[in-house]
Structures are given as structure tokens and as C-alpha cells.
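Observations on the three-dimensional arrangement
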Amino acid sequence: MTDTTLIADRMDNLGDETAFKVGDDIRRAEENGLDVIRLNLGEPDFSSPENINAVAIENIRMGNANYCDPQGIMPLRESIARYVHKTRQVEIDPDQVVVTSGGKPPIGYSVLTYVNAGDEVIYPNPGFPIYESWIRYVNAVPRPLTLREDKNFRFDIEDLKPLISRKTKLIILNSPSNPTGGMLTQDDLDAIADLAARNAHPHFRILSDEVYEKIIFDSREHISILSNPRVTEHTILMNSHSKTYAMTGWRIGYAVLPTIEEARLFRQWNINTCSCVPPFIQAAAQQAIDDPANDTEVAQMTQQFETRRDAVIQALNEIPGICCMTPGGAFYAFPNISGICQALGILEHYERLREQGLNPIQPASMFQLFLIYHHGVATVDRSSFGSLFCENEHYIRLSLASDLDTLEEGVRRIGAASSDTEGWAQFKQDYKDLICQ
Ligand SMILES: Cc1ncc(COP(=O)(O)O)c(C=O)c1O
């Protein structure tokens, strides 16, 4: 592109989601003759339940396919309000609910609605990349809150304290977490609520991203910060059908706002972007929530994720150079690969490139590319989950959304790569262009 005035300056700040971009590397590797096992995408490998599909089809047949209320059809908003009341013990007016095209819009809408340039936003690090993308897009000040491996990827309260000040306008939480599978405890949530209520901006908001609320292992219960009375009136709950009901491509989610006035603003965002979520999708989304048969389907899916988790975490931890925490929820493994980066000489190579004044990608990113191009297994690197403070953090994310045989083969290939010094030497010669930016 030659004309530098074509694209608006603010586009420099808009981020990306590498889990999608890995597709280009997979294609190139496959063109080179590899069969690539895809452990990169966070998408359940199950189909949406038949009773939900049937309602969508029936509604299309009935002609329920015109524009509808931009805020979401009332019967669905009523179902959501009832559900949130039942699970969080908070009275919700359906007019506080806004139906959105999946779980991503509430993230962007929240940042755009509440955050001015220069305001500070706290968000989990590592975390879902769309948080940082929006924060930077509006020129807010990113305040990443470190999730610590030695705390099962919860945060340390001593890390949080200095981040919260009168400049804190928005605090983003995500439990269970993508990419770590870590879960915040009642004490963690209470500590956040207490610190925020005392020290944050008087009109702070908490955006609680609970899209993995149903995918929780070891018979644990989901806890929502919305239920904490100190911050109920400051909290935006966001959720999505994508993971819970295996409906990623349907694009349906929702936000529950602290007030009806704020919900009107989110409605206005819908009007300015998608107009409305298709009404036949909304009818099906209501069926998903209301029909108890779906609770059984979701429980069965979660059970399968748990079985896979047990097998994968054990197999990963048997690979020399890998240490992997057991995730409490979501469907990812987030192994620490420092030992592999050390053993293969990736850390040394990284340092040498820097000494030469080059701008190499992170060591974990090098290993992630090595996995795709030499061993045919696609994962996602640490720096895809927050670009700030990812230096010296050597992790990759594997999605558990594949059958056990595929997962076992993927982990076997990672094991093979972990000691493939010859392959690594070849890779760093052949793919110099990918290793340095
Ligand atoms: C933590 C988190 N929040 C939000 C989303 C977005 O969900 P949706 O696909 O419904 O837009 C995802 C999707 O991967 C996610 O992992």
C-alpha cells in the first residue's frame, strides 16, 4: 500500500486474534506436504443440540427473518433475566439485557461506551486478545494484571493493589479463563470488589466475561462477581452461547447492564453495527436456555472435555521440558515450555538475534511455528494472549476441542519436537523470515 493517508491512524492500534491467523501457517505447512493437527481454535468439536437447531429451522420456515428489536427480542431477554436471577441471585429487568452477535461485541461496546483516551483499564494477562485490542484502539492505558502460574493462574492481590486507582475506569475479568483455564475464587472476587469499590474511579465498571461458566471441572461451581452486592451495580455481565451450547458460528451472546440507560447505549451500538441479531437465531437461543434437556447436553460435553483434560495434562507433563498446570475450566491446556526452549537452544538463538540488532519473535512463538512447520501440530503462542509483559513467558495454548486420538497424536508430536535439535537447526535456517519481524 503506497498512500499512507488511505487508512485511518487508529487502525495501527487495532489488534487481532492469532488463533484465526494461524490458519495461514497451517495452509503453508500443508502445501509443504504436512498433515497438520489443529489444536489452535477455541471451538467445541460438538454440534449444537438438535432441539435448538429445530427451533431455528422452524422459525426460518415461518418467515421469522425480518429486522427485529435491536436490543433483542423480549422473550429471549426475559429468559436471560430469569436465568441470571436464578444463577446469580440478582434481580434483572429484561430491559437491562442486550442481545449481541456473540460474546465479542460486549467487549468492544464496553470499552467504547465507558473508556476515554487516557483512562486506565485493568485486564487479565495472559488473556483473551480482544481486550487489549480494544483498549489500545481507544488510546486507553492498558494495565495488565498478571495471572501467575504458581497460583494456578490466579492473580496475586499484591499485583492488583497498585493497579487500581481513581484512573481505573474498567476492570475486565474472565473466569474460567482463556487461555489458562484458571479460575478465580470467591476470595479473589471479593478482594477485587473491595479494592475497586474503595480505590477505583467513582463510576468504574467491571466487565465480567463468563463465556466459559458452564465448562467447569471437578464438580466445582461457577462464581460470578455480579452476585457481590458491593459491585453488582458496577458490573456488566457478558456471556455467549458459542462455547456453552457449541454454537460458535451462530453468533449469539448477551450483556446484562447495571442500568436500563446503559443497556440503551449498547442497543444503540447494535443499531450502529449489525441492526439486530437475526430473530430466528434469538428464538433458538431462547430454546437453548429454557429447555432443561440442554443442561444434560452441556454436562455431557463438559464431561468429555474433562476426560480429555486429564489425559492431555498427564501426557504433557511426561514430556521433559514441559510443566502444565491442571485447568479448572474452559477447554485449553497452557503448558510452560521454558525447558524445551532452553534444551533446543531457542532461548540462545533469540538472544543472539537481539544482539545482532534484529527484532525476533518471542521464543515460545518460534517453537509454536516449529511445531506447525516441522511437526504438523498447530497451537497458539503466549504473545497472542497479550503483547505486553510477555517477554520471558514461554507458553503455548492447546485447545482440547478435538477427539482423544487426535489430542494424543498432537501431544506425541509436541514430545517429538521437544528433543528434535536437528529439526530445529534446519527450521531456523529455512524460516528466517518468519522468526524475525
Ligand atoms: C474469553 C472469551 N471471551 C469472549 C469470547 C468471544 O466469544 P464469541 O465467539 O461468542 O464471540 C471468547 C471466544 O473465544 C473467549 O474465549
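Residues numbered from 1 in each chain as written. Predicted model: local features only at pLDDT ≥ 70, side-chain atom pairs only at ≥ 80, totals over all residues. Heavy atoms only, no water.

**Regarding the overall build of the chain**
When helices and strands are counted, the chain shows 17 helices and 13 strands. Taking 22 Å as the expected radius of gyration for a compact globule of 437 residues, we find that the chain reaches 22 Å, a close match to that expectation. Its C-alpha atoms give the chain principal-axis dimensions of about 60 × 50 × 50 Å. Per-residue burial for the chain yields a buried fraction of 56% across its 437 residues. Taking the contacts inside the chain whose residues are at least 6 apart along the sequence as the reference set, 74% of them involve residues at least 24 apart. Carbon and sulfur atoms make up 48% of the accessible area of the chain, which totals about 18,700 Å². (Helix = DSSP H or I, 4+ residues; strand = E, 2+ residues; numbered from the N terminus. Rg over C-alpha atoms; globule rule 2.2 N^0.38 Å. Buried < 20%, exposed > 50% of the residue type's maximum accessible area, 1.4 Å probe, protein only. Contact = heavy atoms within 4.5 Å. Areas by Shrake-Rupley, 256 points an atom, 1.4 Å probe, with all protein chains shown as cover.)

**Comments concerning empty space enclosed by the protein**
In this approach the atoms are scanned with a rolling probe the size of a water molecule, which exposes any empty space left behind. Under the defined criterion, the tally for this structure stands at 4 cavities of 30 Å³ or more. When its volume is computed, the largest cavity comes out at roughly 100 Å³. Lining the largest cavity, in full, are P124, L145, L147, F153, F155, I172, L173, N174, S177, G182, M183 and L184. Secondary structure elements with two or more residues in the lining of the largest cavity: β4 (141-148) and β6 (168-174). A total of 3 residues in the lining of the largest cavity trace back to one element, the largest contributor, which is β6. Its residues assigned to classes, the lining of the largest cavity comprises 9 nonpolar, 3 polar and no charged. Of the voids in this model, the second largest cavity is the one considered here, and its volume is about 70 Å³. Taken together, the elements giving at least two residues each to the lining of the second largest cavity come down to β8 (235-240) and α8 (241-244). Considering only residue class, the lining of the second largest cavity consists of 4 nonpolar, 4 polar and 2 charged. (1 Å grid on protein atoms, 1.4 Å probe; cavity = no way out; pocket = protein on both sides within 12 Å on 5 of 7 lines; lining within 4 Å. Points joined across faces, edges and corners; volume = space filled by probe spheres on them. Nonpolar A, V, L, I, M, F, W, Y, C, P; charged D, E, K, R; others polar.)

**Some remarks on the nonpolar core**
One recurring pattern in soluble globular proteins is that nonpolar side chains are buried together. Formed by 78 residues in total, the largest nonpolar core has its most connected members in L316, F367 and L398. For this core, the element with the most residues is helix α14 (residues 363-375), which contributes 8 residues. When residues of this core are assigned to domains, at least three map to each of domain 1 (9-46 + 296-435) and domain 2 (63-291). Contacts of F367, omitting those with residues within four sequence positions, involve I337, I340, L344, I346, I396, I414 and A417. Of all hydrophobic cores here, the second largest spans 31 residues; its members include L237, V256, A283 and A284. (Core = buried A, V, L, I, M, F, W, Y, C linked by side-chain atoms within 4.5 Å. Domains from an automatic or database assignment.)

**Some points on the layout of surface pockets**
When its volume is computed, the largest pocket comes out at roughly 810 Å³. Surrounding the largest pocket, 32 residues form its lining, T18, K21, S383, S384 and Q437 being those nearest its centre. Of all the elements in the fold, those that place two or more residues in the lining of the largest pocket are α1 (18-31), α5 (129-137), α13 (346-355) and α14. Top contributing element to the lining of the largest pocket by residue count: α1, with 5 residues. Its residues assigned to classes, the lining of the largest pocket comprises 10 nonpolar, 13 polar and 9 charged. The calculated volume of the second largest pocket comes to roughly 500 Å³. For the second largest pocket, the lining is made up of 23 residues, of which T87, E213, K214, E221 and H222 are closest to its centre.

**A few points about the environment of P327**
Its location among the elements puts P327 in the loop between α11 (293-317) and β10 (332-333). For the pair P327 and D9, spaced 318 residues apart in the sequence, the C-alpha separation amounts to 39 Å. Excluding anything up to four places from it in sequence, P327 contacts T180, G181, F217, R309, I313 and Y332.

**Focus: the domain arrangement of the chain**
As assigned here, the chain comprises domain 1 (9-46 + 296-435) and domain 2 (63-291). Computed from C-alpha coordinates alone, the two centres of domain 1 and domain 2 are separated by 27 Å. Across the contact, 37 residues belong to domain 1 and 39 residues belong to domain 2. Surface buried jointly by domain 1 and domain 2 totals about 3,300 Å² across both partners, of which 58% is contributed by carbon and sulfur atoms. Summed over the shared surface of domain 1 and domain 2, the number is 2 salt bridges. The shortest N-O distance in the salt bridge between D218 and R309 comes to 2.9 Å. Element by element, the count of residues in the side of domain 1 that touches domain 2 is highest for α11, at 6 residues. When its residues are assigned to classes, the side of domain 1 that touches domain 2 shows 19 nonpolar, 10 polar and 8 charged. (Buried area = accessible area lost by both parts, 1.4 Å probe. Salt bridge = Lys/Arg side-chain N within 4 Å of Asp/Glu carboxyl O.)

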